[in-house]
Amino acid sequence: MTESKQLLIVDDDPDFVAGIKAILDGAGYATDVAHNPKDGFAALRSKRYDLLLLDIMMGRGAEGVMMARKIRKEPALRDLPVLIITGIKEQIAFMFPGQAVHPRFMPVDELLEKPVEPELLLEKVRALLAAAGTRQPEVR
Amino acid sequence: MSVQNSIKILIIDDEEIVLESCTAILRGEGYDLATASDGTRGLALLQEIRPDIVVVDLKMPGLSGFDVLERIREADPTMVTLVMTGYATVQSAVEAMKRGAYDFLPKPFTPDEFRLIVRRSVEKRTLVLETIALRRERELLREHFASIVSHELKAPLAAVQQNLFVLERELAPAATEDQRGRLARIKVRIGDLLQLIETWRRGVSVDIEAIKARRAAVPVSLPIGKAVESLADAAARKEIDLTASVPEPAPVVWGDQGTLTETLVNLIGNAVKYSRVGGRIAVSAEADDAEVRIAVADNGVGIAPEDMPLVFDAFYSGRPGAAGERGSGLGLAISRRVIEAHGGSIAVQSTPGKGSTFVITLPLHRDDGPDGPRPGA
């Protein structure tokens, strides 16, 4: 049922990535990994993915935010569901002072905090994939 | 002292002989010396070489020593200035000090006197620079604490915990009871550590203005319900009877639901921590026509009378809890700041051995007719 779904993780912490990749692989997803936004984009352009799992604080700052914004500007990638997995939820508020703790600062679909319980991770991934499936059935 | 760090001293005096003797006295002390023969040249040189210490004659033709002091204070108040003059009077000394001079040297002076006063000025300058550096560091730390903490402390722990989650799943079928217990212990301790880091981070970055900006009409049943729910498991582990009672309809406050929930989580979490196995925690709300009081009452270990005045202070942590638990010492300090940002107050009553009751008092939110909701205090 889920074995053909293609997931991409973009996160610069290889140990953390190992932790979530094992959970996703174990659930039958095909998971690729990029450790920076540049490689992430290269992967997104080389292959069709069903879901992106994106870290916020990468490299010299909030490179994950930049990546999410760029994705929404690319017609080919605009509908890709994005699950943010971040160290601190309010990091986002911290970067955008004066806004609510969980602002709709960019069109991401879901936000989780590290570390994430396996069941919760799988539940969110399933829900996002299901939502994307009903959103554009003609593509699949 | 290394060359790049050597103290730069600028001497401004209209008398060539004074400049020469001063430089002669200081030569060999490792300072970087420069001289100027009047105030205007002195100030120009000052811009160029940014000295640490300026020695200036008070009485000079053109720009006076007082004027030079004034300009230095405007340009860089951290420079240490010394004045010297042949017309030493108490009045001119006081006047020079008023304009920022660090010390005063009456002419004529001996080489030793000069060396001594310069050395003291160097010490002063070093202290000033250290203070500036420390202050800047503190500001930076404060500003970037959230990201520093998240990356340097939280990220490695999150990676460890994430892999532990996986390990637990992978090993579960084959693991013995003991092994599962050990994994569970590791998980709990790492979880506690993550929580502690988060609490410290929040303690530094409670943003009162942000809390005020986020306020809306909140029925107290919402934060109470969420807080009780999030601690249900922790209470169950200690077989604690955790109950909540809120009148119907629930009293409404003008508040920020997130931080109110967090405060209640904190108070109920403390109650769990300081309760014995099989204890009882009752969360309740009641309102009159002006205020809502939310009480968190436990029958746990209580607070010693001598500790009572300190419980809301930052970094104060009471005696270990019923199972040896200790707090971060920040939870109640943060709670008080949050509640005060809501125009409310927080208080505690306690009897050692019998239990504690924390009461949050918040102004009741009233919906005043056609103008819509009226923000509370």
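Since we're looking at a predicted model, the values are computed, not measured.

Visitor: What exactly am I supposed to notice about the overall build of chain B here?
Guide: When helices and strands are tallied, chain B shows 10 helices and 14 strands. Sorting the 377 residues of chain B into buried and exposed places 42% on the buried side. Summarising the internal contacts of chain B: among those between residues at least 6 apart in sequence, 69% fall at separations of at least 24. Counting every atom, chain B has about 19900 Å² of accessible surface; 55% of that belongs to carbon and sulfur.

Visitor: Sorry if this is basic, but what is going on with the overall build of chain A here?
Guide: For chain A, the helix and strand inventory stands at five helices and five strands. The order of helices and strands in chain A, counted from the N terminus, is β-α-β-α-β-α-β-α-β-α. Taken over 140 residues, chain A has a buried fraction of 51%. Element-wise, carbon and sulfur atoms account for 55% of the exposed surface of chain A, whose accessible area totals about 6500 Å².

Visitor: Mind showing me how you'd approach the environment of B:Leu364 here?
Guide: Residue and element names in this part refer to chain B. Along the polypeptide, Leu364 turns up in the loop between strand 12 (355–363) and strand 13 (366–367). The class of Leu364 is buried, set by a relative accessible area of 17%. Taking the C-alpha atoms as reference points, Leu364 and Val252, separated by 112 residues in sequence, lie 6.2 Å from one another.

Visitor: What is the right way to look at helix 3 (residues 65–75) of chain B in this model?
Guide: Residues and elements named next belong to chain B. Along helix 3, the residues classified as buried are Gly65, Phe66, Val68, Leu69 and Ile72. Down the axis of helix 3, the buried set is contained in an arc of 160°. They therefore lie on one face. Residues of helix 3 that are buried in the fold lie against strand 1 (8–12), helix 2 (39–49), strand 3 (53–57), strand 4 (80–85) and helix 4 (90–98). Of the residues that open helix 3, the one with a side-chain oxygen 3.2 Å from the backbone nitrogen of Phe66 is Ser64.

Visitor: What am I meant to see in the pairing of strand 11 (residues 345–351) of chain B here?
Guide: Regular strands show a simple pattern: their side chains alternate between the two faces of the sheet. Residue and element names in this part refer to chain B. Only one face of strand 11 is covered, namely the face carrying Ile346, Val348 and Ser350; the face carrying Ser345, Ala347, Gln349 and Thr351 is uncovered. As judged from the seven bridges shared by strand 11 and strand 12, these two strands associate in the antiparallel manner. Note on strand 12: the bridge partner recorded for Thr351 is Gly355. Where strand 11 hands over to strand 12, the hairpin turn is made up of three residues, of which Gly353 adopts a positive phi near 85°.

Visitor: Can you walk me through the sheet that holds strand 5 (residues 110–113) of chain A in this structure?
Guide: Each strand in a sheet pairs with its neighbour through backbone hydrogen bonds, running either in the same direction (parallel) or in the opposite one (antiparallel). Residues and elements named next belong to chain A. Spatial strand order, 2-1-3-4-5: five strands in an open sheet with parallel pairing. Where the open sheet ends on each side, the last strands, each with one partner, are strand 2 (30–34) and strand 5. The average angle at which neighbouring strand axes cross in this sheet is 20°, direction not considered. When strand 4 (residues 82–86) meets strand 5, the two strands line up parallel, connected through four bridges. In the strand pairing of strand 5, Ile85 is matched with Leu112. On top of the sheet, helix 2 (residues 37–46) reaches strand 1 (6–10) and strand 2; it is set at about 165° to strand 1, its chief contact.

Visitor: Which parts of the structure should I look at to understand the nonpolar core?
Guide: Nonpolar side chains tend to gather and get buried jointly when the protein is soluble and globular. Grouped together as the largest cluster of nonpolar side chains are 33 residues, with contacts concentrated most on B:Ile224, B:Leu242, B:Ile268, B:Val283, B:Ile294, B:Val296 and B:Ile360. Elements supplying a minimum of two residues to this core: helix 8 (221–237), helix 9 (257–273), strand 9 (280–287), strand 10 (291–298), helix 10 (331–341), strand 11 and strand 12 of chain B. Tallying contributions element by element places helix 9 of chain B first for this core, with six residues. Those residues in contact with B:Val296 that lie beyond four places of it in its chain are B:Leu264, B:Leu267, B:Ile268, B:Ala271, B:Ile281, B:Ala282, B:Val283, B:Ser356, B:Thr357 and B:Phe358. In terms of nonpolar packing, the next biggest core, distinct from the first, is built from 22 residues, A:Phe41, A:Leu54, A:Met58 and A:Ala62 among them.

Visitor: Would you mind showing me how to read the packing of aromatic side chains here?
Guide: What describes a pair of aromatic rings is the distance from one ring centre to the other and the angle between the planes of the rings. Across all of its chains, the model carries one aromatic pair over all chains by this definition. Ring plane angle 20° and centroid distance 5.2 Å describe the contact between B:Phe109 and B:Phe114, whose orientation is recorded as stacked. An identical accessibility class is assigned to B:Phe109 and B:Phe114; each is buried. Of note, A:Lys70 hangs over the ring of A:Phe41, and the distance from its end group to the ring centre comes to 4.6 Å. Here A:Lys114 stacks its cationic end above the ring of A:Phe16, 4.4 Å away from the centre of that ring.

Visitor: I tried to follow the confidence of the model for chain B on my own but got confused; where do I start?
Guide: In low-pLDDT segments, the atomic positions of the prediction should not be examined closely. Residues and elements named next belong to chain B. Overall, the predicted model of chain B reaches an average pLDDT of 85, with 86% of residues at or above 70. The low-confidence segment residues 369–377, where pLDDT is below 50, has 14 contacts with residues more than four positions distant or belonging to other chains. Reported for the predicted complex are a pTM of 0.49 and an ipTM of 0.78.

Visitor: Just checking my understanding: could you explain the confidence of the model for chain A for this structure?
Guide: Residue and element names in this part refer to chain A. The pLDDT averaged across chain A works out to 80; a share of 79% of its residues lies at or above 70. Ranking the elements of chain A by mean pLDDT puts helix 4 (residues 91–95) last, at 46, and strand 1 first, at 97. Segment residues 93–107 is flagged for pLDDT under 50; beyond a separation of four residues in sequence, or across chains, it makes 30 contacts in the model.

Visitor: Whenever I open this one, helix 10 of chain B confuses me. Can you help?
Guide: Since the α-helix advances by 3.6 residues per turn, residues separated by three or four positions end up pointing in the same direction. Residue and element names in this part refer to chain B. For helix 10, the buried fraction is high: eight of the 11 residues fall into the buried class. Those residues of helix 10 that fall on the buried side of the exposure criterion are Gly331, Leu332, Ala333, Ile334, Ser335, Val338, Ile339 and Ala341. Downstream of helix 10 by one or two residues, Gly343 has phi in the positive range, about 75°.

Conventions used here
Residues numbered from 1 in each chain as written. Chains lettered and ligands numbered in written order. Predicted model: local features only at pLDDT ≥ 70, side-chain atom pairs only at ≥ 80, totals over all residues. Heavy atoms only, no water. Helix = DSSP H or I, 4+ residues; strand = E, 2+ residues; numbered from the N terminus. Buried < 20%, exposed > 50% of the residue type's maximum accessible area, 1.4 Å probe, protein only. Contact = heavy atoms within 4.5 Å. Areas by Shrake-Rupley, 256 points an atom, 1.4 Å probe, with all protein chains shown as cover. Arc of directions from axis to C-beta. Polar contact = N/O pair within 3.5 Å; in protein donor to acceptor, adjacent residues only side chain to side chain. Pairing = 2+ DSSP bridges. Axes fitted to C-alpha atoms, helices over the stretch in contact; angles between N-to-C directions. Core = buried A, V, L, I, M, F, W, Y, C linked by side-chain atoms within 4.5 Å. Phe/Tyr/Trp six-rings, centres within 6.5 Å; stacked < 30°, edge-to-face > 60°. Lys NZ or Arg CZ within 6 Å of the ring centre and 35° of its normal. pLDDT = per-residue confidence, 0-100.

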